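Observations on the three-dimensional arrangement
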Amino acid sequence: MRVAIVVAFLALLVAPPLLSSFLLALLTQAVIYAVLAMSLDIILGYTGLASLGHAAYLGLGAYSVGILATRHGASFWVTLVVGILLATAVAALFGLVALRATGVYFLMITLALGMVVWGLAHRWVSLTQGDNGISGVPRPELGLPWSFSKGISFYYLALAAFLLTFVVLRTIVRSPFGQTLVGIRESESRMRTLGYHVWLHKYLGFVIAGGVGGFAGVLWAYYNGFVSPSDLELATSVEILLMVALGGRGTLLGPALGAALIVGLKNLVSVYTHRWLLILGAVYIGTIVYAPEGIVGALRQWTKGERAMGKKAIVSVLLALLLTGVAGSAPAWAQKGPIRIGVITAMTGGAAQIGKDMTNGISMWLDENNQTIAGRKVEVIVEDSQGQPNVALTKLQKLVESDRVHILVGEIFAHIGYAMAPKVEEYRIPMLYPVIAADDLTQRKPAKWIVRTGWASSQPSHPFGEYAAKTLGYKRIAVIGMDYAFGWEVVGGFQKTFEENGGQIIQKLWAPLNTTDFAPYLTQIRRDADAVFALMVSISASRFPKQYQDAGLKAKLPLIGGGTTFDEFVLPSLGDEAIGGISPLIYSAALDTPVNKRFVAEYRKRYGKVPSYFSETSYTSTRWIAEAAKAIGGDVENREKFLEALRKVEMPDAPRGPIKLDAYGNPIQNIYIRKVEKKDGELWNTVIYTYPAVSQFWKYKPEEFLKQPVYDRNYPPCKHC
């Protein structure tokens, strides 16, 4: 066993120069997560307390770096000390509350405390930038002859941190204090009878675990260059628990091994199959059935001669490796010199259908054009971001450094867009954003190498605010929206122009993202409004109209909303409750133009559904790439020339209508006011008015518009609420 450990450490030291940049990135992630998993092992493995809030300490350390490094230029040592001390202090405070409970109640309390920290990260926008996160965190400079901006040098910094953590924690668990923790895990009553202060020992272990978790957070922020509330989500805490359980709790090295396996499964296996979660589930089940003490526990049994159990564990691991190997690889053309397009989007999780719509749009255009662009074959490599910034960044690195793509296309979520932008700039590779709508990506924080082919969040809302006041004649509107950056920007744009045209926003209600039960909010809606403006997305959009009608509100207060509230993506899941809903967007499948009719007919023939705007923007983006490549004779290897051509593309006949870019890289395009109607038993967004050639700045001068803050939860202020 000891020989195996020595060999493993030697491999960690000598392997990096031999690895591809993608594998090195995964190894760096694994090393950082190993620090985090070992910190949880102190309370789970040695004390017997399972926590569902451990990601909070990762987030506290990470946000310390994000805020201090980007806003105050703080050094590595300052951020390190602040990150560890902040996480330790919060753990000390949380421990006073959490350790009053045991068992499932301890789980519930730690979950609640973790959500408090997540809520602060999400809501304290002035400090954390909310859902958009903090991007552009620079790699640390320690005054040494080499720079940690390089992958190998930063890996060795992370490895040194891991070894230091291992030595410190190993010393702690082998000390009388650590042995006392084990005794408490086995029998609290016995240790109490022997005269030990059980609560104090558990409390100190809890605080130590939090401080080490903060240390991991500091490393994580410097590695990713980005911090967002997603780092603090429940899914992260569950993932850490699984790392400890998979590797073997109460071993330190076990959680480190579990971290490496899960990072590999998430990022490496998903390269070959979008069904990687099945493989991950098989590994967990195999471990629980054949190695309940984890992989390290099974190996210990093997070395002690308990071969039957050991063989089962080895079989489970080998089966997982076999599944990884035979899962299948992404299709690729064998022709020489194809144009390679890297697509990053969510293919698993709650946004998987959006990712499917995007890839459908790309595939359809390529199929219609014989899989060629500018006379060259095209290879599309789709990578699953899983809706997580760190995974998206890893996949971006793989696509650029390993797959050598010529252009990138993606993503769905704004915070991932913000996370990817600095990396895209660093690689100096063109990337199209067909869906990500965050305003500032083409306003206050424009990126040279990013071209948006979709829309800015507030772009459709500006004309719609004017339309609601002038054409619909509404004077007082109540708002209910999703409580994250996209929702704030859609509502903010509507409020600004609605109030400038004589209207009043008299109420703002914010519901958490993916809310499905709106009863508490519907009872609060003011009945003295003329209408209700709702901004819904994803599953919330499929539930809200029905609940709105059932609450008796539809007959009293007309329902209008942002484009995603009634998009074609959600209409098939709605019934008559959606009829009459009015919303603005850059596209409607009901557009009565020859180009769009052909697009809709072909899309329905291929995929059996009406195209959503996700499909249209991705379809148009693929054509956008083709137009730019054709303009430069297919010389996409010349990135500067390719980027220049991408910015010059004008498309007078896209399915959505004419498009061209403004000076900031955002489309100037039609905005359609749409009304949900039923035709031949289907719901359609009938276009009732068109605002031609709408800029993201509406009728404002860009330089004046950019002086105002980005729309957020409190801007514009609700003066009439």
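We now turn to the structure provided with this report. (Residues numbered from 1 in each chain as written. Predicted model: local features only at pLDDT ≥ 70, side-chain atom pairs only at ≥ 80, totals over all residues. Heavy atoms only, no water.)

This brings us to the side chain of Ser64. Note on placement: Ser64 falls in helix H3 (residues 55-72). A distance of 2.8 Å separates a polar side-chain atom of Ser64 from the backbone oxygen of Leu60. In this structure, Ser64 is in contact with Ala69, Thr79, Val82, Gly83 and Leu86, ignoring residues within four places of it in sequence. (Helix = DSSP H or I, 4+ residues; strand = E, 2+ residues; numbered from the N terminus. Polar contact = N/O pair within 3.5 Å; in protein donor to acceptor, adjacent residues only side chain to side chain. Contact = heavy atoms within 4.5 Å.)

This brings us to the pattern of salt bridges. Opposite charge on two side chains permits them to pair, given that their charged atoms come into close proximity. All chains considered together, the criterion is met by 31 salt bridges. Measuring nitrogen to oxygen at the nearest pair gives 2.4 Å for the salt bridge that ties Glu640 to Arg428. Of this pair, Glu640 sits in helix H25 (residues 639-648) while Arg428 sits in the loop between helix H18 (414-427) and strand S7 (431-433), placing them 212 residues apart in sequence. Between Arg606 and Glu602 there is a salt bridge whose closest N-O contact spans 2.9 Å. Taken together, the residues span about one helical turn, with Arg606 and Glu602 both in helix H23 (residues 594-607) at a distance of four residues. On the accessibility criterion, Arg606 (34% relative accessible area) is partly exposed. (Salt bridge = Lys/Arg side-chain N within 4 Å of Asp/Glu carboxyl O. Buried < 20%, exposed > 50% of the residue type's maximum accessible area, 1.4 Å probe, protein only.)

This brings us to the sheet that holds S7. The strand order across the open sheet built from six strands is S4-S5-S3-S6-S7-S8, with neighbouring strands paired in mixed fashion. The open sheet has two free edges, formed respectively by strand S4 (372-373) and strand S8 (450-452), since each of these has just one partner strand. (Pairing = 2+ DSSP bridges.)

What follows is about helix H4 (residues 76-98). For H4, which comprises 23 residues, the first-to-last C-alpha distance of 32 Å matches the rise-based estimate of 33 Å (1.5 Å per residue) to within 8%. Among the residues of H4, those classed as buried are Phe76, Thr79, Leu80, Gly83, Ala87, Val90, Ala91, Phe94, Gly95 and Ala98. On its buried side, H4 packs onto H3, helix H5 (103-123) and helix H10 (198-224). (Expected span 1.5 Å × (residues − 1).)

Counting residues in hydrophobic clusters, the biggest one holds 136 residues, and the most contacted among them are Ile373, Ile477 and Phe533. For Ile373, the residues in contact, after removing those within four places along its chain, are Ile339, Ile341, Trp365, Leu366, Val378, Thr622, Ile625, Ala626 and Ala629. Within the second largest apolar cluster, 89 residues are counted, among which are Ala121, Phe148, Val173 and Leu280. (Core = buried A, V, L, I, M, F, W, Y, C linked by side-chain atoms within 4.5 Å.)

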